[in-house]
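# Structural features, examined
Residues per chain, in single letters:
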Amino acid sequence: MVPGTPVRPTSILVVGATGTLGRQVVRRALDEGYDVRCLVRPRPIPADFLRDWGATIVNGDLSKPETIPATLVGVHTVIDCATGRPEEPIRTVDWEGKVALIQCAKAMGIQKYVFFSIHDCDKHPEVPLMEIKRCTERFLQDSGLNHITIRLCGFMQGLIGQYAVPILEEKSVWGTDAPTRIAYMDTQDIARLTFIALRNETLEKKLLTFSGPRAWTTQELLFQVITLCERLAGQDANVTTVPVAVLKFTRQLTRFFQWTNDVADRLAFSEVLSSNTVFSVPMAETFSLLGVDPKDIVTLEKYLQEYFTNILTKLKDLKAQSKQTDFYI
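Thresholds, definitions, all that
Residues numbered from 1 in each chain as written. Predicted model: local features only at pLDDT ≥ 70, side-chain atom pairs only at ≥ 80, totals over all residues. Heavy atoms only, no water. Helix = DSSP H or I, 4+ residues; strand = E, 2+ residues; numbered from the N terminus. Buried < 20%, exposed > 50% of the residue type's maximum accessible area, 1.4 Å probe, protein only. Areas by Shrake-Rupley, 256 points an atom, 1.4 Å probe, with all protein chains shown as cover. Pairing = 2+ DSSP bridges. Axes fitted to C-alpha atoms, helices over the stretch in contact; angles between N-to-C directions. Contact = heavy atoms within 4.5 Å. Salt bridge = Lys/Arg side-chain N within 4 Å of Asp/Glu carboxyl O. Right-handed = clockwise from strand over helix to strand, strands pointing away. Phe/Tyr/Trp six-rings, centres within 6.5 Å; stacked < 30°, edge-to-face > 60°.

All right, on to the overall build of the protein then. A tally of helices and strands in the protein yields 12 helices and 11 strands. Buried positions account for 50% of the 329 residues belonging to the protein. For the protein, the computed accessible surface area is about 16200 Å², with 53% contributed by carbon and sulfur atoms.

Laid out in structure tokens, this is it:
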């Protein structure tokens, strides 16, 4: 690029592009005509599907700050969907890596930065990941970057591996008796609303929360999924309910050993599950601000219905048993 050449507003870098949300952000960006670059860690199995869609792959690793600057050259907007892998200490990517990314973005003149956080992260300092999200929000705010922070409640896609696939594989489904309610949202809707917000100049340095149409408890979710399975696939589900008290005890036990500290950090969500928290917000004002019709937001019932209909059609076409795996929409 010639020195002094303006960076095109359509040039974006998606961080965490192979994840549940990140891949939908990439697809939406490409559909809307953006020039998409994806920061991907070097890996044994390449993320070829991103390249096949039309994105450019650049290797980088948030846990290795020296790899970040080169990925930002010629980029106008960073969309940060990244989070650490389950086997990694939470701080490595979600705090230290994000701080390095924000600092590099500021130093290299990135024009906009989109950060995905967790709803009510400022109300649960006892949960390490939520506290890290809160601190990252503050760090981004203090950086001076033009940014939008979007807090999320939950992904519908995450329910497939947790509930739907085990039922189709005739395996046990694990749930809790927690009273906490979560308003799950389709990641395709999250991606669509994100780009609408990105184009709205009045939202710079603002905090938004995206929430699904209805908040569900685990037991309500299980009933919904099981009902669909029995009706569409003729299969019964083997449900195992784990009391939240057991999760809390397990967390306390794992904190006694240094080698299980990371497990304890992830089990910290049990504190939230037992708090009768509702991960949901009224969306009328946000929809009005973004010019979105609430009727266009996918409901959980519709999402699950489409998933089971599609998966069973594929299985029928393949003349396979319902034990087949790895079919996702």
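A few words now on the environment of P294. Locating P294 in the fold gives a position in the loop between α11 (284-290) and α12 (300-317). Judged by its relative accessible area of 48%, P294 falls in the partly exposed class. Considered as a pair, P294 and P213 are 81 residues apart in the sequence and their alpha carbons are 8.3 Å apart.

Our focus in this paragraph is unusual backbone geometry. A positive phi angle, close to 60°, is found at D120, a residue other than glycine. Position of D120 among the secondary structure elements: in the loop between β5 (112-118) and α4 (128-143). Since its relative accessible area comes to 11%, D120 is described here as buried. A positive phi angle, near 65°, is found at K205, a position not held by glycine.

On to the sheet that holds strand β2 (residues 35-40). The strand order across the open sheet formed by 7 strands is β3-β2-β1-β4-β5-β6-β9, and the pairing between neighbours is parallel. At either margin of the open sheet sits one strand with a lone partner, and together these are β3 (56-59) and β9 (206-210). With direction set aside, neighbouring strand axes in the sheet form an average angle of 25°. Pairing geometry for strand β1 (residues 11-15) and β2, over 5 bridges, is parallel. Residue pairing for β2: V14 is matched across the bridge by C38. The strands touched by helix α6 (residues 187-198) within the sheet are β1, β4 (77-80), β5, β6 (147-152) and β9, with β5 carrying the most contacts at an inclination of about 140°.

Before going further, it helps to spend a moment on the pattern of salt bridges. Side chains that carry opposite charge are capable of pairing whenever their charged atoms lie near each other. Scanning the entire structure with this criterion turns up 15 salt bridges. Between E201 and K112 there is a salt bridge whose closest N-O contact spans 3.3 Å. Residue E201 is located in the loop between α6 and β9, and its partner K112 is located in strand β5; the two are separated by 89 residues in the primary sequence. Residue E201 is classed as exposed on the basis of its relative accessible area of 51%. Here K112 falls in the buried class, since its relative accessible area comes to 13%.

Glancing now at the pairing of β2. Among the 6 residues of β2, 5 are classified as buried, and the element is accordingly described as predominantly covered. At this point the chain moves from β1, through helix α1 (residues 22-31), to the parallel β2, and the crossover so formed is right-handed. Two strands pair when backbone bridges link them, and β2 and β3 are joined in this way by 4 bridges, in the parallel orientation. Along β3, the bridge assignment pairs L39 with V58. Read from β2 through helix α2 (residues 48-53) to β3, the crossover connection turns out right-handed.

It is worth spelling out the packing of aromatic side chains at this point. Tallying each qualifying case throughout the model produces 4 aromatic pairs. Ring centres 5.1 Å apart and planes at 75° place the aromatic pair F49 and W53 in the edge-to-face group. Residue F49 and its partner W53 are located together in helix α2, separated by 4 residues, close to a single helical turn. Residue class for F49 comes out partly exposed when judged on its relative accessible area of 26%.

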